[in-house]
Structures are given as C-alpha cells and as structure tokens.
Amino acid sequence: MVLLVALALATAACGGGSPPATGGSPAGGAGGAAQGAGTIVDGLYEEPDLLNPTIGANMTYSTLVELTMFPGLFTVDDHGRLIPDLATEVPTVQNGGISKDGLTYTFHLRDAKWSDGQPFTAQDVDFTWRFIMNPKVAPRTTAGFDHIASSKMIDDHTIQFRLKEPFAPFASAWVAPLILPYHVFKDLSPDQYMTAAYNKAPTVTLGPFKFKEWKSGDHITVVANPDFWRGAPKAKEIVFKIIPDQNSLLAAMQSGEVNVYYFAPITQLAQLKAIPGAQVVVHPQLAYESAVLNLRNPILQDVRVRQALEYGLDRDVLVKDVWKGMGTTVAGDQPPGSWAYDPGLKPLPYDPAKANQLLDEAGWKKGADGYRYKNGQQLKLTYSTTAKNPWRAQTEQIAQAQWKQLGVNLQIRNYDATTYFGTILPKGQFDIGEYMYTNAYDPYFGTQVQYATGAPSNFGKYSNAKVDQLLAMQLRTPDQAQRKAIYAQLERILAYEDPPALFYYSPMEIDVSRGIDGYKPGPVLPDTWNSWEWALKTK
C-alpha cells in the first residue's frame, strides 16, 4: 500500500441510506435473521471510486472490496509474511525463480478458473502488466511493472519476466488485488480501457466472491464464487454497507446492523469493547504518524532547526496521552512489523536544553516576547493537518506548548481532508504537515519513495544525494538481509543526520467484528484478505 492508501483513511465520502434486504430478512450482525441468509454486512466509512484493482485512486476502501474478488500472484498473511496465492511459490534465487543477476523472474501458476468458467492462464498475467503500462491507462501505480523489459509465456502455467535492471521488490508488485481477465478486455481497444463497464461492475472475477451489484451511496454486494481455487467461501454473500460517519458506524456495530467495522478511532475503543459479543482486535499496523517538514521554507532548510523541533517535542507524551498508550514511538519511517525495521534505531530523546542550544547555534535569539528572531524575522511556523480530528488536534496543542518554550511561534491552520490532501500537501502550502502514512509489504512501495528527490509524494521537497544513492542501491540487491542493512544506513540519515519529517509513533489499528468467525486482521493488507474464511456464527 502507497500514500494514497493512508490518505484515503482520512477522507470522508458521501453517501448513506438504509441496509439492503438480504434474502427477505433484515441485515443483522450479531445473531439477527441475516444468519440464515448467510449475509455478512461490512461497514465502509468511504465509498470506493472504482472496482478495477489496477486503476482509480488506490483507496483503502476500494481495496477492501476488491480483495474479495481479485487475487494476486502473492498475498500477505496475518503475520506479515509474503506467501503464494495464484503463484505456486514465492520466487527466490535459491529455488530458481530469480536468476543470479536479478534480471529474470519465473512465476509458476496454479490451476484456477474465472467465475465464468474460463481458465486462468499466463495470458491473464501478461495482459495485466501490459494493461497497467498502456499509455491510455491511468494506473494506480506502475512501480515494478515499469522495470519490465519483456515477458514470455512459457506455457499456460508459467510466465517469465526479463527486467531492464535489477529490481529487488519485483515479486511484491504482484501482491493482491491485481489480476485482470484477458478474455474480458481482449475485444476492447485501449481507448476503451478507462471507461469500460467492468471497472465499476467486474462481473468476471477470480477471487472467493464475485460482483453482484453496486447501489451508489448505499451498498456494494458480492456473492460467493463456488469455483474459487481454495474452495467455496463460507459466507453466501458480503454486503459492503456505506456509512460515511464513524459515530454512525459505532451505532451500527452496537445495534448489530453490521458485522465488521475497520479503523475505529482510539476515542471509541472503550465503547467498542463494551458491545456484547464484539471481537475487538487491537493490532500493529505498518503505519506511522508523522509531520513532514516543508523545505521550501528557508527556516526549515537549516538542519539544526529541524533537529531542534525533534528534541523539543516529547513523543512519549504523544503515545501516552494522544494514542492512549496504544502505539510505539518511531525514529524513522519503518514501523515495528516491517522487515526493514531496525530496533536499534531510537528516537531522539526529549531534550529542551539541546533544542535551545541548536537554535542558538543556528542564529535564532530570543526576544523580549519569548520568541526567537534572526535578522528581524520571527521564528514562526504553521502546523497543518486534517480538521475535526481529535487526536491530531491534541498533538498540535502539545507541540504548540512545548515549542513555545523554545521560542517557536507555532500557528495552527487545519483543513478538510479533501483540501488538505488534494491541495495543501501537494502544492506545498504548509510548513509542518501531519498525517498517517501506511507502508506496503516492501518499503519501496511505501514510505521510502516519498523521500526520493523529485518523487510525486515528496511533499516537503526533500533532497539528499546519499538517500537517493541508498534507495537505488537496495533496488539492485535481491537478498533481503543485505537490503535491510542498506535501509539501516538510510534510516539513520532520516532519523538523525538530515530529517525530512518529525517521526512520532506507529499507532495500533483498531478493528472490530461481531457475529462472525474467521476474521483475522493483518498488518499489511486490508482485513478482507481472507474473506473466504469468514462465516456467520450459529446461535
């Protein structure tokens, strides 16, 4: 998952309505009549934009629905491990799946068939990457696929890729949801790809469920695919009920209207735990809360000022008071749970004396009003994030108070999520910008990209030649242990030497289910990754 996934979590969608009828019975989560119909009701805070997993805005809530219909060659389980899905094994140099020079990848495919009975073959895999790279397509990402020089279908169940240059996370580019049916698109011209009806109504799928209907603003329904290669799913159907308000989602869980509620705010934890029969899962996630620093501002171009802001903010207080102890402070952009995480990398300590020393060295002197000045300019910075977000508002207040003791005049200016993520961050209209960033299984597809010089998500215009060099080096290194050592060097630059952001903490994710078995949230993929195992509990 890349930045847009994290952004989607904060963006409110429009919609509403009442729950759809399921088999003539009301949709009930915890022991209601919907059990007899085999219907699981899943509450979505946002409405997806599209259901073609290769195009659209890369919203988490689109992915939640798509994972029920579109496997990849690989998936990530609830322990954060990369495992085979439509491929029979994860390729390595040792098993012959990756050539020693890191340029050739061979994927062996399992026997499976699409929901319309057509066989799944190497041609579907070959078509998927060509679809993504077609100039007529606006893909969610080209990362990995843009490194392909050529592909060769050895037979119906084997495909080989030759890369332009070594690209270590290439297999991770094929994680679900992904594969498209060639036989559905073969008669369309590339000009028709982006407007195809399939993009909102994918009637031919390869996953445990297949598309039934989408009533905009109300619900999306998927029904069991009896031909799923793992076996028929345990539920007859899943209704994704669109409820774009977290208080309404809480009420729906309390009343039994929904069975599943994702990404609940920390402020609802006690209420969720009080629901009879609710399974509240508080688990680590590959995400971290941070505030990017805008280096367009000459004040922040001085690394001593950036380091002073880090020394002058008590991150332990943020975890304790803001996230109620349900998080871990981080020094860089790899949270616990990432294979690239370095437990020896510790956050800079809260040390106001050191912060004051750095600001003095940078030439910022305190005036009679308690604020610092340099060449007649006040040390004034603007802190921005999403409006109406209680834990981020609390963080701002803590930062404002603690940095005022250093002589920093911190102004707070927040925005609705659409404006913040659509305009303020991309256009650099901030000094300090807070948000949560969600990593992918491989760090390259997650946070590291935003610190590469010129990267689209490099909102702070950070540029460090050594960081760019290390990012390029790890891509040429297939061995994960060697890549981790390279990341350790890179993380120390981001944490200590030349920080591009203020790294706060990795928050625990809060998910809740009621009235179902088999629900196993994981740290990487959204929670529907194993939807074929979900089953309504019997009375």
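Each remark here, short or long, concerns the structure printed above.
Cut-offs applied
Residues numbered from 1 in each chain as written. Predicted model: local features only at pLDDT ≥ 70, side-chain atom pairs only at ≥ 80, totals over all residues. Heavy atoms only, no water. Helix = DSSP H or I, 4+ residues; strand = E, 2+ residues; numbered from the N terminus. Rg over C-alpha atoms; globule rule 2.2 N^0.38 Å. Buried < 20%, exposed > 50% of the residue type's maximum accessible area, 1.4 Å probe, protein only. Areas by Shrake-Rupley, 256 points an atom, 1.4 Å probe, with all protein chains shown as cover. Axes fitted to C-alpha atoms, helices over the stretch in contact; angles between N-to-C directions. Parallel < 35°, antiparallel > 145°, perpendicular 65-115°, else oblique. Left-handed = near helix turned anticlockwise from the far one by under 90°. Contact = heavy atoms within 4.5 Å. Salt bridge = Lys/Arg side-chain N within 4 Å of Asp/Glu carboxyl O. Pairing = 2+ DSSP bridges. Phe/Tyr/Trp six-rings, centres within 6.5 Å; stacked < 30°, edge-to-face > 60°.

Student: Help me out: how do you make sense of the overall build of the protein chain in this one?
Tutor: A count of helices and strands for the protein chain gives 15 helices and 23 strands. Its C-alpha radius of gyration of 24 Å places the protein chain within 12% of the 24 Å reference for a compact globule of 539 residues. For the protein chain, the spread of C-alpha atoms along the principal axes amounts to about 75 × 55 × 40 Å. Counting all 539 residues of the protein chain, 59% fall into the buried class. Surface exposure of the protein chain reaches about 20100 Å², of which carbon and sulfur atoms provide 50%.

Student: Is there a simple way to think about the packing of helix 14 (residues 465-475) against helix 15 (residues 480-497) in this case?
Tutor: For any two helices packed against each other, one specifies the crossing angle of their axes together with the interaxial distance. The contact between helix 14 and helix 15 brings their axes to 9 Å, and the two run at 165 degrees. Put simply, helix 14 runs roughly antiparallel to helix 15. In this structure, the crossing between helix 14 and helix 15 has a hand that is left-handed. Every residue of helix 15 that contacts helix 14 at K466, V467, L470, L471, M473 and Q474 is listed here: R483, I486, Y487, Q489, L490, I493 and L494.

Student: How should the pattern of salt bridges be read in this particular structure?
Tutor: A pair can form between side chains of opposite charge whenever their charged atoms are brought close. If you walk through the whole model with that rule in mind, you get 18 salt bridges. The partner of R162 in a salt bridge is D101, and the shortest N-O contact between them spans 3.7 Å. Residue R162 is found in strand 6 (residues 158-163), and its partner D101 is found in the loop between strand 3 (82-84) and strand 4 (104-108); the two are separated by 61 residues along the sequence. Note that R483 and D442 form a salt bridge whose closest N and O atoms lie 2.7 Å from each other. A residue pair is termed long-range when its members are at least 10 positions apart, and R483 in helix 15 and D442 in the loop between strand 19 (432-438) and helix 14 qualify at 41 residues. A residue is classified by how much of its surface remains accessible, and D442, at 2% relative accessible area, is buried.

Student: When you look at the sheet that holds strand 17 (residues 380-384) in this model, what are you seeing that I'm missing?
Tutor: Hydrogen bonds along the backbone pair up the strands of a sheet, which may run parallel or antiparallel. Read across the sheet, 6 strands follow the order 13-20-12-19-17-18 without closing on themselves; strand pairing throughout is mixed. Strands with a single pairing partner mark the edges of an open sheet, and in this sheet they are strand 13 (327-329) and strand 18 (409-412). For this sheet, the mean inter-axis angle between neighbouring strands, taken without regard to orientation, is 30 degrees. Bridge analysis of strand 17 against strand 18 gives 4 bridges, and the strand direction is parallel. Counterpart to T382 in the pairing with strand 18 is Q411. Packed on one face of the sheet, helix 12 (residues 390-404) meets strand 12 (287-293), strand 17, strand 18, strand 19 and strand 20 (501-507) and runs near 160 degrees to strand 18.

Student: Any chance you could explain the packing of aromatic side chains here in plain terms?
Tutor: The geometry of an aromatic ring pair is captured by two quantities: the separation of the ring centres and the angle between the planes. Tallied over the full model, the rule gives 40 aromatic pairs. When the centroid spacing of 6.4 Å and the interplanar angle of 75 degrees are considered together, the rings of F421 and Y435 count as edge-to-face. Of this pair, F421 sits in helix 13 (residues 417-424) while Y435 sits in strand 19; the two residues are 14 residues apart in sequence, bridging distant segments of the chain. Across the pair, exposure class does not vary: F421 and Y435 are buried alike.

Student: Would you explain the environment of L381 in this entry?
Tutor: Along the chain, L381 falls in strand 17. Judged by relative accessible area, L381 falls into the buried class, the value being 0%. As a C-alpha pair, L381 and L300 span 81 residues in sequence and 9.2 Å in three-dimensional space.

Student: So what exactly am I meant to see when it comes to the environment of Q192 here?
Tutor: Looking at where Q192 falls in the secondary structure, it is placed in the loop between helix 5 (182-185) and strand 7 (209-215). Owing to a relative accessible area of 36%, Q192 belongs among the partly exposed residues under this scheme. Spatially, the C-alpha atoms of Q192 and K520 are 38 Å apart, while their sequence positions differ by 328 residues.

Student: Can you help me understand the sheet that holds strand 8 (residues 219-224) in this one?
Tutor: In space, the 7 strands of this open sheet follow the order 7-8-9-1-10-21-11, with mixed pairing throughout. Edge strands, defined here as strands with exactly one partner in the open sheet, are strand 7 and strand 11 (278-283). The pairing of strand 1 (residues 39-44) with strand 9 (residues 237-242) spans 6 bridges and is parallel. Bridge pairing in strand 9 places D42 opposite F240.

Student: Honestly, the pairing of strand 7 in this entry has me stumped. Any pointers?
Tutor: Looking along a regular strand, one sees side chains alternate from face to face of the sheet. Pairing of strand 7 with strand 8 involves 6 bridges; the strand directions are antiparallel. If you follow K210 over to strand 8, its bridge partner there is V223. Where strand 7 folds back on strand 8, the antiparallel hairpin that results is connected by 3 residues, among which G217 adopts a positive phi of roughly 80 degrees.

Student: Where do I start with unusual backbone geometry in this structure?
Tutor: Glycine aside, a negative phi is what most residues show, and trans is what most peptide bonds show. A cis geometry characterises the amide bond from A176 onward to P177, with omega recorded as -5 degrees. Along the chain, P177 turns up in the loop between strand 6 and helix 5. Phi at N375 takes a positive value of approximately 55 degrees, unusual for a residue other than glycine. Within the secondary structure, N375 sits in the loop between strand 15 (372-374) and strand 16 (377-378).

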